[in-house]
Structures are given as structure tokens and as C-alpha cells.
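Structure assessment
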Amino acid sequence: MPPLHLIFDLDDTLYAERDYAIGGFRAAAAWAQSTLGATVSVDRMLGLLDEGQLGQLFATVLCEAKPDHSDDDVKNFVRAYGQHEPRLQLFADAADALTHWQSRAKLGLITDGHAATQHAKIRALDLAPRFRHIIATGALGPDRAYHKPHPRAFELMQTSLGQAGVGFVYVGDNLSKDFVAPNALGWKSIWIDRPSHRAQRIHKHTTAPDGGEPHITVHDLRELTKVLG
Ligand SMILES: [Mg+2]
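Here goes a summary of the coordinates provided. (Residues numbered from 1 in each chain as written. Predicted model: local features only at pLDDT ≥ 70, side-chain atom pairs only at ≥ 80, totals over all residues. Heavy atoms only, no water.)

What follows covers the side chain of Lys148. Tracing the chain through its elements places Lys148 in the loop between β3 (133-136) and α7 (152-161). Look at Lys148 and you get buried, because its relative accessible area is 5%. Among the polar contacts made by the side chain of Lys148, one reaches the side chain of Asp9 at a distance of 3.0 Å. Every residue in contact with Lys148, bar those within four places of it in the chain, is listed here: Asp9, Ile110, Asp112, Phe154, Tyr170, Lys177 and Asp178. (Helix = DSSP H or I, 4+ residues; strand = E, 2+ residues; numbered from the N terminus. Buried < 20%, exposed > 50% of the residue type's maximum accessible area, 1.4 Å probe, protein only. Polar contact = N/O pair within 3.5 Å; in protein donor to acceptor, adjacent residues only side chain to side chain. Contact = heavy atoms within 4.5 Å.)

Structure, rendered in C-alpha cells:
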């Protein structure tokens, strides 16, 4: 059997991104209170998040709490969110799967977002010792240029860990962007769709573009032992 290269997404694949958001909302609300004297409700932020309004969320709640705020206030408010030191926990099935595969495959991580933010999550989850290679796509270029579905991170992972395409698998949760590049490169793609977590996923309202459909669906990462043999 060729060596197995098992590459994971991070947010909502290995831990609940909503937990990160809650910690960030608390940090942003604390900043608004101490710096602007504005009272922002964490519950209100969470309500908007659950409605899928992530893009306008920060501007909306700051408008409500302090109508005369400046553009810089919004930037600093968002910064307080992105720069907080998170406290996170792996999904139980993710922890079991990583422990199982650590000695049986080369493990990699490809995650979108600001590199500093993603590395804070990786620290909080103590993931660095478990993975051979970690790529935060935000570190590859500005303005989300190399975020998924761009293939750059997947090509770099192949170069770093093995031969192109041979025995590579990508496991992710986001149908809209996770599987386009690995499919095109000849990787096996696996969608993690936890029934118990469906309602809380940050990117729950997504569908797969042409060519971006996952080859396999699992409902628990412990099922990887079955589908990967
Ligand atoms: Mg994800």
C-alpha cells in the first residue's frame, strides 16, 4: 500500500468554530466597554452569527451600541475579536482519529484565515506536535489570495510530504470550497458532517460547486478507519 497522507481542515472539522466565535465576541465586547464605554451584547452577536450574518456582524452591533463610532473603532473592535487567546477543545471523535492516525499516516493541516489567528487556535488545541506540516493559507499572500479553493496550499503540502497526488486525502466540512482543489489534484476527499453539530456550524448554508463534491461522507471521524481501510 502507498503511504497515506491524511490532511485535515481545522475550523468545524477538528473543533467547533462557534466556540472560537463566543470567546472572540466576549473579548470584542470587553474592548468596546473599556475603550468606547459601549455595551455590546454577546448574545446579540451570537444571534446574528447563528442567522449566518457573519460579514456585517461587527459593524451592525457597534452601530447599535454606539451610533457615533468611527471606522477605526470598527477595525479595533474586529481586531479584539481576532487577537484574543482562545480556549478550545477538539471534538471527541477528532481527538480519537488524530491519535489513531498519528502513527499510521503522515498528518497535515490546511486552514484558511489570518495566519496569526489560525496559529492561536492551533496553540490552544496543542496541534503542532501531531502534524508533520501545517499551512495557514493567509500566510501565503495578502487579501485571501490563496484561500481555498485556490490549489496553492494543496500543491505545497504535496511537495512537503510526498509524491504528487499519491495517497493524499483531504478531510473538511465546507462544501463550498474544501474539495475543489484536492479533487483536481487527484486526492481523495472526505466530508465530515456531524449530525449533532449541523445546526451550529459556521458555514452551514453551503453547497458544492461543480467538481467540488466530496467523494465520501462520514458522520464521525472515527469512521475514517473504515473508509480508509
Ligand atoms: Mg472548516
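What follows concerns unusual backbone geometry. For the bond running from Lys148 to Pro149, omega is 15°, close enough to zero to count as cis. Tracing the backbone shows Pro149 in the loop between β3 and α7. A positive phi angle is found at Asp143, which is not glycine, with a value near 55°. Locating Asp143 in the fold gives a position in the loop between β3 and α7.

What follows covers the layout of surface pockets. Here the largest pocket is characterised by a volume of approximately 1,100 Å³. Contributing to the lining of the largest pocket are 44 residues, with Tyr81, Gly113, His114, Gln118 and Arg144 lying nearest its centre. Every element with two or more residues in the lining of the largest pocket is listed here: α1 (17-36), α3 (57-65), α4 (71-82) and α6 (115-124). If you tally residues by element for the lining of the largest pocket, the top one is α6, at 6 residues. Of the residues assigned to the lining of the largest pocket, the class counts are 14 nonpolar, 15 polar and 15 charged. (1 Å grid on protein atoms, 1.4 Å probe; cavity = no way out; pocket = protein on both sides within 12 Å on 5 of 7 lines; lining within 4 Å. Points joined across faces, edges and corners; volume = space filled by probe spheres on them. Nonpolar A, V, L, I, M, F, W, Y, C, P; charged D, E, K, R; others polar.)

Around the magnesium ion, the protein contributes the donor atoms Asp9 (OD), Asp11 (O) and Asp173 (OD), which lie 2.1 to 2.2 Å from the metal centre. When the donors of the magnesium ion are listed by position in the chain, the intervening gaps give D-x1-D-x161-D. Here Asp9, found in the loop between β1 (5-8) and α1, pairs with Asp173, found in the loop between β4 (168-172) and α8 (180-184); they are 164 residues apart in sequence, far enough to count as distant. The same class applies to Asp9 and to Asp173, which are both buried. (Donors = N, O, S within 2.8 Å, 3.2 Å for Na, K, Ca; no water.)

For the rest of this paragraph, the subject is the pattern of salt bridges. A full pass over the atoms with the stated rule returns 14 salt bridges. For Asp93, the salt bridge identified is with Arg194, shortest N-O distance 3.0 Å. Taken together, the positions of Asp93 in helix α5 (residues 92-102) and Arg194 in the loop between β5 (188-192) and β6 (216-218) put the pair 101 residues apart, joining distant regions of the chain. By relative accessible area, which is 6% here, Arg194 ends up buried. For Asp173, the salt bridge identified is with Arg201, shortest N-O distance 3.7 Å. Within this pair, whereas Asp173 is found in the loop between β4 and α8, its partner Arg201 is found in the loop between β5 and β6, the two being separated by 28 residues in sequence. For Arg201, a relative accessible area of 5% puts it in the buried group. Among the charged side chains, a salt-bridge network with shared partners connects Asp9, Lys148 and Asp178. (Salt bridge = Lys/Arg side-chain N within 4 Å of Asp/Glu carboxyl O.)

Let's shift gears to the environment of Gly113. As for its placement among the helices and strands, Gly113 is situated in the loop between β2 (106-111) and α6. With relative accessibility at 15%, the residue Gly113 sits in the buried group. A sequence separation of 35 residues divides Gly113 from Lys148, and the C-alpha atoms of the two residues are 9.9 Å apart. If we ignore the near neighbours within four places in the chain, the residues touching Gly113 are Gln118, Thr137, Gly138 and His147.

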